Amino acid sequence: HDPDDDELTLNKECYGVPTLDETEGRAYYTCLDGVWCVDMATGDYVGHYEMDGQNLGSNVTVGPDAVYVGYPGDSMYSLAKDLSSSNWSYDAGSGFGCTPALDSGGNIWFPALGTGREFIGLDSSGAELFTPKIMSSEAVRICSAVIGDSGSIYYQTSQYKLYAFNPDGTFKWTYFNSLTNNFY
């Protein structure tokens, strides 16, 4: 981006859904070359965090002090909100195809494919909290998690299952939908 130019020109394909930070008036989105941020009121460039030329595996999740994004090169990143730097990265040992979820305590929850751990919880400093293990024989696509008002964490797999975990990451229940041929 040329700061003297009025237009923001993207030379890479962009995917996913923009994420809004209404408190700071910013919109974040992912492209083949990383994460971008613009001012919501003016469209002015705020920042860009470059990531090595792959389609990012997730949309951005905005936290109170950072933004989080999964990278297909096996890592979850915590970035400064102006995208000037990385706060930390966590090597999940597997690729991403999902957007991380943030609970009310600032913990990040996300599925990582093919690790045998499948679902990971980190605190806001990047320290591992709990990694509930679902059946490791399920080499499946795990979709993005959502967190309910009670703090319970829910996600679905391509094997017709909906999982629920308590706010501390312990297993709550699973539902198997045998009446469909695809659950996502």
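The structure displayed is predicted, hence computed values, not measured ones.

Participant: A description of the packing of aromatic side chains should follow, citing residues and the corresponding values.
Facilitator: For the structure on display, the rule yields nine aromatic pairs. Between tyrosine 163 and phenylalanine 165 the ring centres are 6.5 Å apart and the planes differ by 15°, which places this aromatic pair in the stacked class. Tyrosine 163 gets classed as buried once you look at its relative accessible area, which sits at 5%. In this structure phenylalanine 165 comes out as buried when scored by relative accessible area, which is 2%. Where phenylalanine 165 meets phenylalanine 171, the ring centres are 5.9 Å apart and the plane angle is 80°; that geometry is what we call edge-to-face. Ring-pair connections join several aromatic residues into one group, and the members of that group are Tyr155, Tyr163, Phe165 and Phe171.

Participant: Help me get a handle on the sheet that holds strand β15 (residues 161-165), residues and values and all.
Facilitator: Ordered in space as β13-β14-β15-β16, the four strands form an open sheet in which the pairing is antiparallel. What marks the edges here is a single partner per strand, and that holds for β13 (146-147) and β16 (171-176). Here β13 pairs with strand β14 (residues 153-156) via two bridges, running antiparallel. Residue valine 146 lies in a different strand from β14, and its bridge partner there is tyrosine 154.

Participant: Which residues make up the pairing of strand β8 (residues 86-91), and what values do they have?
Facilitator: In the sheet, strand β7 (residues 75-79) pairs with β8 via five bridges, with the strands oriented antiparallel. Looking at β8, one finds that serine 75 is bridged to aspartate 91. With antiparallel pairing between neighbouring strands as the criterion, β7 and β8 make up a hairpin whose turn holds six residues, including leucine 83 at a positive phi of roughly 65°.

Each value, and the rule that gives it
- Residues numbered from 1 in each chain as written.
- Predicted model: local features only at pLDDT ≥ 70, side-chain atom pairs only at ≥ 80, totals over all residues.
- Heavy atoms only, no water.
- Phe/Tyr/Trp six-rings, centres within 6.5 Å; stacked < 30°, edge-to-face > 60°.
- Buried < 20%, exposed > 50% of the residue type's maximum accessible area, 1.4 Å probe, protein only.
- Pairing = 2+ DSSP bridges.
- Helix = DSSP H or I, 4+ residues; strand = E, 2+ residues; numbered from the N terminus.

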